[in-house]
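Each chain, letter by letter, is given below.
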Amino acid sequence: MTLLLGLFALPAQAVGTGWTLGAGLGNSAIWVGQQRNVDGLVVYCTDQPLAAPAVADSYSDGHRGGFVRHDGQSLPEAHNAAVSYLLHRWGSTTDRATAAAVQLAVWAFTSPNAQWGSTGMQAILQAAQLPAAVVDQARTMTEQSLRFAGPYRVDVAWLEPGLASVQVLGAAGVPVPGLGVRAEVGGAAQLGGAPSWVSAETPQTVAVARSSRQSAELRITLDAAPQPHLQWLEPSNPGAQRLFTQAVTGALSVAATLPTPAAVQMQVVTQTSQNRLAAGGALGDALQVSLANGAAWPRDLSSGAALGVRVDSTLWGPFDQPPVESDAVPVGSPTVGTVSTAVNGPGLYQTATLTVQKPGYYVWTETLNPAAQGPDGAAFLPWASRFGVASETTAVPWSPQLSTVLTAVQTSDGHALTDTLQILDTPAQPGPLTATLTLYGPLADRPTLSATIPPGAPVVRSVQVPAVNGTQVDLGVVDGIGCYTVVTALDAAATVNAVTSAFGEPSETFCRTAPVSSTSTTTTPVTEHPATAPHLPEPGPELAATGMVTSTGWLAVVGLGLLGTGLLPFAWHPASRRIARRRH
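Everything numeric here is computed off the predicted structure, so don't read it as measured data.

Basis of the calculations
- Residues numbered from 1 in each chain as written.
- Predicted model: local features only at pLDDT ≥ 70, side-chain atom pairs only at ≥ 80, totals over all residues.
- Heavy atoms only, no water.
- Core = buried A, V, L, I, M, F, W, Y, C linked by side-chain atoms within 4.5 Å.
- Buried < 20%, exposed > 50% of the residue type's maximum accessible area, 1.4 Å probe, protein only.
- Helix = DSSP H or I, 4+ residues; strand = E, 2+ residues; numbered from the N terminus.
- Axes fitted to C-alpha atoms, helices over the stretch in contact; angles between N-to-C directions.
- Parallel < 35°, antiparallel > 145°, perpendicular 65-115°, else oblique.
- Contact = heavy atoms within 4.5 Å.
- Nonpolar A, V, L, I, M, F, W, Y, C, P; charged D, E, K, R; others polar.
- pLDDT = per-residue confidence, 0-100.
- Arc of directions from axis to C-beta.
- Disulfide = S-S within 2.5 Å.
- Phe/Tyr/Trp six-rings, centres within 6.5 Å; stacked < 30°, edge-to-face > 60°.

To continue, consider the nonpolar core. Note that soluble globular proteins tend to have their nonpolar side chains buried in a common cluster. If you look at the biggest cluster of nonpolar residues, it comprises 73 residues, and the most contacted ones within it are Leu87, Leu104, Val156, Leu218 and Ile220. Ranked by residues supplied to this core, first place goes to helix 2 (residues 96-110) with 10 residues. Counting 23 residues, the second-largest nonpolar core is a separate cluster that includes Leu406, Leu417, Leu437 and Val478.

See the structure below:
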């Protein structure tokens, strides 16, 4: 708020003579009211019972400041201010009774022994024989001039962002009536009512309409605020009264910045569109928007239309583990992308979608940045959601690649079967997974590769084991003639899709063509160990591309030499890479 104060007074001037009576009341004994010279200058007398202006040869130029009576006594500052208000508000009247009341009030302030209730005032009233209403009016003027005397100040209070309460206050801190007030606006605003009025003892409301949220101010000015100073004339003849010409006034101005409507706090409840989603799917976010404390939605100050604001939604991921809730996004977090949603009021909004290509965990966060929204953004407070909120988290399960290798080893009871699990493309910590290996057989013919298990396929046994990469699963011993095949099923988990291998995978199929003698260890190739068996490397990462291994690895080599002899008691087939199909 700024304050401008100026003091203005009439310049010194030569005062003409030829005094006549102005507005007022009186008789042959006394005149109570204005005096007027040949130049039209209106004055009031100050020193009753001294002589009227006509007895003075001349009057000197105007004197300004605190009034000094003819006896040398200075008028108290409060009385100077009161007389200034009195002359400013009522001194220029043309009403006879009002002018008489003003003259009585002036004498009550400035004449020795003329205060209300004094013998001097009683003598004036007796001589003048004024109507009682005039005397009462003069008393009221005196009281009000003291009550409403300056110095003045202007108080501007904002009742709401477009309505101001304006009061002119005097030295006593009470509202002052009777002073001219003018209002104007600067900046992005328009005045909504009358630009000027006369002050009253009740506040004046001033409507101001903003055209935008840019800076604007309301300026209130009193062009003629009475100052605690007076202007008077001194006679050349000391027996004549001194004369008040007019009040000394100055400009008083105050500027009040228009308050910007309070920014509102947005509240957003969010929910990811899918808590679980297959890789390659589209993921969005739902935004339930409201305002805190039941606030009204901000509107354009010119058109009244609801303001629009942009909420930015970022999808973070993939992560190997569920994200931990926190105030801020961890540094270095991977992102899928950011989408923006235009919001123009409370309600439910749906973001655009983003495609997730890789398995893992994904989580949404939202932000509202007013600084990036232009001038209207100032209507909103900044807002950001927390990171890692459960309702904003989506799991895209891994689809493991399941490779198994069946090994058959001849024993005295038949052939012992062992399967080795190879589980690829799982998270670093997939959690507990379970694999079920089912051995089918004996089958009359080598099974045809099929995604489904033929109805009625005989089951030898099922074995359930923890699905750990590299696990060797003992499927027991088979001794029947026919073909056997293994189907492996990986159960679904929170982060892993269910996977089942095909029926009849060549690398998981073993055909037994003749029984093994339980007593002979010398007549079959399985028990005839060569002096130097060829060395085969242990299964490693390439197991996914190897086939069935028999008799601990060397039987396959021996079998190659016996194929033409008719001595080989079982048949086997070369390996082929087997990748399990995902179950739907």
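Put simply, Gly150 and Pro151 share a cis peptide bond, and its omega is 10°. Here the amide bond leading from Gly441 into Pro442 is cis, since omega sits at -10°, within 30 degrees of zero. Inspection of the secondary structure assignment puts Pro442 in strand 26 (residues 434-443). Residues other than glycine seldom take positive phi values, yet Gln129 does so here, at roughly 50°. Along the chain, Gln129 falls in the loop between helix 3 (119-128) and helix 4 (132-147). With relative accessibility at 59%, the residue Gln129 sits in the exposed group.

Turning to the packing of helix 1 (residues 77-90) against helix 2, a few remarks are in order. Relative orientation of the contacting elements helix 1 and helix 2 amounts to 170°, with a least axis distance of 11 Å. Here helix 2 runs roughly antiparallel to helix 1, going by the angle between their axes. Seen from helix 1, the contacting residues are His79, Ala82, Val83, Leu86, Leu87 and Trp90; seen from helix 2, they are Thr98, Val102, Ala105, Val106 and Phe109. Here the contact of helix 1 with helix 2 is composed, by residue class, of nine nonpolar, two polar and no charged.

In this section: the confidence of the model for the chain. A low pLDDT means the predicted coordinates there should not be read in detail. In this model, the chain carries an average pLDDT of 84, and 85% of its residues clear a pLDDT of 70 or more. Taken together, the stretch residues 518-584 has pLDDT below 50 and engages in 117 contacts with residues farther than four places along the chain or on a different chain.

Within helix 3 the residues assigned to the buried category are Met121, Ile124, Leu125 and Ala128. An end-on view of helix 3 places all buried positions within 95° of arc, on one side of the element. Set apart from the buried face of helix 3 by more than 90 degrees, the exposed residues are Thr119 and Gln126. For helix 3, the elements touching its buried residues are strand 3 (31-36), helix 2 and helix 4. Positioned one or two residues after helix 3, Gln129 has a phi angle of 50°, which is positive.

On to the environment of Ala51. Assignment of secondary structure puts Ala51 in the loop between strand 4 (42-45) and strand 5 (63-65). By relative accessible area, Ala51 is classed as partly exposed at 26%. Residues Ala51 and Gln241, spaced 190 residues apart in sequence, show a C-alpha to C-alpha distance of 5.9 Å.

Okay, the state of the cysteines next. This structure, assessed with the given rule, holds one disulfide. The disulfide partner of Cys483 is Cys511, and the S-S distance across this bridge is 1.9 Å. Sign of the S-S torsion, about 105° for the bond between Cys483 and Cys511, identifies this disulfide as right-handed. Of the two residues, Cys483 sits in strand 29 (residues 482-490) while Cys511 sits in strand 31 (residues 509-512), which places them 28 residues apart along the sequence. One exposure class covers both Cys483 and Cys511, and it is buried.

Below, the discussion takes up the packing of aromatic side chains. Enumeration over the complete set of coordinates arrives at eight aromatic pairs. Here Tyr440 and Phe503 contribute two aromatic rings whose centre-to-centre distance is 5.5 Å and whose plane-to-plane angle is 75°, an arrangement assigned as edge-to-face. Of this pair, Tyr440 sits in strand 26 while Phe503 sits in the loop between strand 30 (499-500) and strand 31, and the two are 63 residues apart along the sequence. Tyr440 gets classed as buried once you look at its relative accessible area, which sits at 9%.

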